[in-house]
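Residues per chain are reported as follows:
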Amino acid sequence: MFGEGNQTYQKVVELAEAWRPAKDYGHESKFQNDLSDFLDEQLNEQNTGGMDGIMGGRDGGYVVSRERGNSRGDVVIDDVVGIEMKRHFDNGKKKKLRGQLEDYADNYPYVIALTCGIDDMDGWRELENKFSGGRGMGMDQTEFTFIVKKRENFGDPHDFGGGSGMGDLLGF
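A brief look at the structure comes next. These numbers come from a predicted model, not from an experiment. (Residues numbered from 1 in each chain as written. Predicted model: local features only at pLDDT ≥ 70, side-chain atom pairs only at ≥ 80, totals over all residues. Heavy atoms only, no water.)

Helix and strand counts for the chain stand at six helices and five strands. Ordering the α and β elements of the chain from the N terminus gives α-α-α-β-β-β-α-β-α-β-α. In the chain, buried positions account for 41% of the 172 residues. (Helix = DSSP H or I, 4+ residues; strand = E, 2+ residues; numbered from the N terminus. Buried < 20%, exposed > 50% of the residue type's maximum accessible area, 1.4 Å probe, protein only.)

Structure (structure tokens):
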């Protein structure tokens, strides 16, 4: 898929990879609030000095919502990117997450599965492999990204330097 939706998706993936939860919250909704606030600030308040315009993107104006749409995505950007979050993913959450991702595929062209802490890496990888080819046919295919946030990094500063995004390619 191409166009502005894909550019939004790539930007959100890079930011989600850079994000570090402030702490190990006791409830998933606190992680959702933390990520939602971070994405809203980074997408709308931290202007890149015109880089978006150069790259054909846009400068701000992103709608970052919580519990939005038919699938009630945990965090949704512009009704294009749906993020499903899990706290301390384990085997007991695998079947539910699979169903949620299938539902998201019916409602968003781009989906991010993000876990804050993980107790079942095998189950996570099984789901990642199952969805890695996307869902749907042709232009209606949904693209998936899976991101794990390690507990030992909670509370650390956001990691803007570790990604392999466009900034690295352009040398900044």
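Resuming the write-up.
Here the focus is helix 5 (residues 121-131). For helix 5, the complete set of buried residues consists of Gly-123, Trp-124, Leu-127 and Phe-131. Projected onto a plane normal to the axis of helix 5, the buried residues spread over an arc of 100 degrees and lie on a single side. For helix 5, the exposed residues set more than 90 degrees away from the buried face come down to Asp-122 and Asn-129. Looking at the buried residues of helix 5, the elements they touch are strand 3 (81-89), helix 4 (94-105), strand 4 (110-118) and strand 5 (143-149). (Arc of directions from axis to C-beta. Contact = heavy atoms within 4.5 Å.)

This paragraph deals with the pattern of salt bridges. Any two side chains of opposite charge can pair if their charged atoms end up close together. Using the criterion set out here, one finds six salt bridges in the structure. Two residues, Glu-67 and Arg-72, come together in a salt bridge whose shortest N-O distance is 3.7 Å. A residue is classified by how much of its surface remains accessible, and Arg-72, at 49% relative accessible area, is partly exposed. Among the charged side chains, a network of salt bridges with common partners joins Arg-20, Asp-156 and Asp-159. (Salt bridge = Lys/Arg side-chain N within 4 Å of Asp/Glu carboxyl O.)

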